[in-house]
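Remarks on the overall topology
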Amino acid sequence: MGTPKLSIEALSVGYGRRKIIENLSLPAIAGGAVTALIGPNAAGKTTLLRALAGLVPAKGSIHLDDTELTSLSVAGHARHVTYMPQALPQRVALTVFEATLSALMSARDDAISTAEAHERALHALDRLGIADLALRGLDELSGGQRQLASLAQSIVREPTVLLLDEPTSALDIHHQLRVMQLVAEVARERGIIVVIVLHDIAQAARYAQRIVLLEQGAIAADGPPDEAITPATLARVYKVEARVERCSHGTLQVIVDRAV
Ligand SMILES: Nc1ncnc2c1ncn2[C@@H]1O[C@H](COP(=O)(O)OP(=O)(O)OP(=O)(O)O)[C@@H](O)[C@H]1O
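These notes cover the structure that comes with them. (Residues numbered from 1 in each chain as written. Predicted model: local features only at pLDDT ≥ 70, side-chain atom pairs only at ≥ 80, totals over all residues.)

**Quick look at the overall build of the chain**
What counts is decided by this rule: Helix and strand labels come from DSSP, where a helix needs a run of H or I of at least four residues and a strand needs a run of E of at least two; each type is numbered from the N terminus. When we talk radius of gyration, it's over C-alpha atoms, and the globule rule is simply 2.2 Å times the number of residues to the 0.38. Whether a residue is buried, exposed or partly exposed is read from the other C-beta atoms within 10 Å of its own C-beta, which are placed from the backbone; 20 or more gives buried, 12 or fewer gives exposed, and intermediate counts give partly exposed. Residue pairs qualify as contacts under a 7 Å threshold applied to their C-beta atoms, which are placed from the backbone.
When helices and strands are counted, the chain shows nine helices and 12 strands. Over its C-alpha trace the chain gives a radius of gyration of 18 Å, about what one expects of a compact globule, namely 18 Å for 260 residues. When the backbone C-alpha atoms are referred to their principal axes, the chain occupies close to 55 × 45 × 35 Å. The burial tally for the chain puts 37% of its 260 residues in the buried class. Considering only residue pairs separated by 6 or more positions, the chain has 63% of its internal contacts joining residues 24 or more positions apart.

**Some details on the pairing of strand β1 (residues 5-15)**
Stated formally: Criterion used throughout: strands pair if DSSP finds at least two bridges between them.
Inspection of the sheet shows β1 paired to strand β2 (residues 18-30) by seven bridges, in the antiparallel sense. In the strand pairing of β2, V13 is matched with I21. Between β1 and β2, which follow one another and run antiparallel, lie two residues, and G16 among them has a positive phi close to 60°. As paired strands, β1 and strand β4 (residues 58-64) are joined by six bridges and run antiparallel to one another.

**What to know about helix α4 (residues 114-127)**
To keep it simple, the criterion reads: To estimate the expected span of a helix, count its residues, drop one, and scale the result by 1.5 Å. Within this analysis, the arc is defined by the directions that extend from the helix axis to the C-beta atoms.
An ideal rise of 1.5 Å per residue puts 20 Å on 14 residues; α4 measures up with 20 Å between its terminal C-alpha atoms. For α4, the set of buried residues is A121, A124 and L125. Down the axis, α4 shows its buried residues gathered within 100° of arc, on one side only. Turned more than 90 degrees away from the buried face of α4, the exposed residues are A115, E116 and E119. Residues of α4 that are buried sit in contact with α3 (96-106) and α5 (143-156). G129 sits one or two residues past α4 and shows a positive phi near 75°.

Written out as structure tokens, the structure reads:
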């Protein structure tokens, strides 16, 4: 099987009569790479992700290769797409290991031995550095630990499309980088489509191969980081004065000087 492709055409999404995204089309998002969805508050990033996850009604078309996702049921959607929301459930009476295992089992149609399921669940926890939390209750975790546990549940499902809404917002700098590295690795290893909402433009520039910048429900820029993230775009969309430079390691650095 080749690398999957997600195509969005003439997509409109709203709440009641209020339109948030209107007639949005994007060149296909390819698997194997990370696409960062960035933009100011209320630009519609979460709304777009939720539409891709089939959690809000949308007009237009969302194709995953030959499958029209908008025509699938929520369960049908969930077989292809995993969505990790910004706000995570607080009161879940499961241990971290049980939750990871149950995420894995719910994503699979085929039989898998108990030993293999346990091994995969532990491996996911290990990759996120939280194997030591396996037997802790989800409701006993700190905000950052809960975010890591939720990422383990998303990754263990091995979806074709992984949608992450600000997955590093509660994490310290070590865990932010660890998660971004892992997400990039998972995309590469499995050839999956990863779309990640980030507020940290510097992290988006560093880890994503493609940046989609959303402004008031429309595309303000789309392309590789050095094309999509420019001082002019940042000034126009975010209203900040910023410099975009390459550091001695060759990575793109975004230095924001002031709000204007
Ligand atoms: N359930 C809802 N009902 C009505 N309006 C909503 C709902 N959820 C979001 N909105 C509105 O849709 C718009 C886009 O919100 P959305 O959460 O998609 O933005 P965002 O880009 O993810 O923002 P942020 O960066 O602040 O998280 C906002 O104006 C918001 O008020």
